[in-house]
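# Remarks on the overall topology
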Amino acid sequence: MSARDLAEPYPHVTTDDAAVDAVRLLAGQNLPALLVLDADGIPYAAVPGSQLVRQLVPEYVMEDPLLAAVIDDRHADALAEALAGKTVAEWLPRRTFKPPYVGPDAGTMQIAATMARTHVPLVAVIERDSTGGQGRLLGVVSAAALMRHLLEAGGRA
């Protein structure tokens, strides 16, 4: 089965969107990762939610876990303030990697290998225009959808 057939709609943001909107999207849709597209419609980042949570924790708390035990929800306002006025590109972790993506004709093993190699639970399916520049997100193949397909295909063998 091709990536085009496996691709499912997946909510995304762009690098210019507000960081707070990205958090709302991730939380509101229960997404495993945030998919960020650049101005050309090409995946810019796919960041697992755990890495985005890390962006909300002050560095001094990361360095001293005992502080985490004494900081409670009253300090949540300070965490939310860290998002105020920032774009997604400004807020993302510094060490993000180009997210995995494939063309619409990629097969299941190509998708599986890409997902396994990159440790990201989703692979974007991008169709490029005839010049190879502008891209269009057809959807995303999630780890769950890929496993579901592979189990169904294995049951037919």
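A brief report on the enclosed structure follows. (Residues numbered from 1 in each chain as written. Predicted model: local features only at pLDDT ≥ 70, side-chain atom pairs only at ≥ 80, totals over all residues. Heavy atoms only, no water.)

### Some words on the layout of surface pockets
When its volume is computed, the largest pocket comes out at roughly 360 Å³. Gln55, Trp91, Leu92, Pro93 and Arg94 are, among the 14 residues lining the largest pocket, the residues nearest its centre. In terms of residue count, the dominant contributor to the lining of the largest pocket is helix H3 (residues 49–56) (three residues). Residues that form the lining of the largest pocket fall into these classes: seven nonpolar, two polar and five charged. (1 Å grid on protein atoms, 1.4 Å probe; cavity = no way out; pocket = protein on both sides within 12 Å on 5 of 7 lines; lining within 4 Å. Points joined across faces, edges and corners; volume = space filled by probe spheres on them. Helix = DSSP H or I, 4+ residues; strand = E, 2+ residues; numbered from the N terminus. Nonpolar A, V, L, I, M, F, W, Y, C, P; charged D, E, K, R; others polar.)

### Observations regarding the pattern of salt bridges
Per the stated rule, a full pass over the model turns up five salt bridges. Between Asp105 and Arg4 there is a salt bridge, with the nearest N and O atoms lying 3.9 Å from each other. With Asp105 in the loop between strand E4 (101–102) and helix H8 (108–118) and Arg4 in helix H1 (residues 3–6), the pair connects residues that are 101 residues apart, well separated along the chain. The exposed category is assigned to Asp105, whose relative accessible area is 65%. Judged by relative accessible area, which is 40%, Arg4 ranks as partly exposed. Taking the shortest distance from any N to any O, the salt bridge between Glu8 and Arg148 comes out at 3.4 Å. (Salt bridge = Lys/Arg side-chain N within 4 Å of Asp/Glu carboxyl O. Buried < 20%, exposed > 50% of the residue type's maximum accessible area, 1.4 Å probe, protein only.)

### Some details on the pairing of strand E3 (residues 43–48)
Here strand E2 (residues 33–37) runs beside E3; their pairing, made up of five bridges, is antiparallel. Pairing of Val36 across the sheet is with Ala45, part of E3. Between the antiparallel neighbours E2 and E3 lie five residues, among them Gly41 with a positive phi of about 80°. (Pairing = 2+ DSSP bridges.)

### Description of the nonpolar core
In summary, soluble globular proteins display a tendency toward joint burial of nonpolar side chains. Counting residues in each nonpolar core, the largest one holds 27 residues, and the members touching the most others are Leu34, Leu35 and Leu122. Those elements that provide at least two residues to this core are helix H2 (19–28), E2, E3, helix H7 (88–91), strand E5 (122–128) and strand E6 (135–142). Counting residues per element, this core draws most heavily on E2, which supplies five residues. In this view, Leu34 contacts Val13, Ala22, Leu25, Leu26, Ala45, Ala46, Val47 and Leu52; residues no more than four positions away in its chain are not counted. Counting residues in hydrophobic clusters, the runner-up holds twelve residues, among them Ala3, Ala7, Ile111 and Val125. (Core = buried A, V, L, I, M, F, W, Y, C linked by side-chain atoms within 4.5 Å. Contact = heavy atoms within 4.5 Å.)

### Observations regarding the side chain of Thr15
Note that Thr15 resides in the loop between strand E1 (13–14) and H2. With relative accessibility at 11%, the residue Thr15 sits in the buried group. Setting aside its immediate chain neighbours within four residues, Thr15 contacts Val36, Leu37, Asp38, Tyr44, Thr87, Val88 and Ala89.

### Here we look at the sheet that holds E6
Taken in spatial order, the three strands of this open sheet run E4-E5-E6, and their pairing is mixed. Only two strands of the sheet have a single neighbouring strand rather than two, namely E4 and E6. Both E4 and E5 contribute to a ladder of two bridges, which runs parallel. Each residue of the ladder has a partner; that of Tyr101, found in E5, is Ala124. Running over the sheet, H8 touches E4, E5 and E6 and is turned about 125° from E5. (Axes fitted to C-alpha atoms, helices over the stretch in contact; angles between N-to-C directions.)

Distances and angles like these do not, on their own, reveal function.
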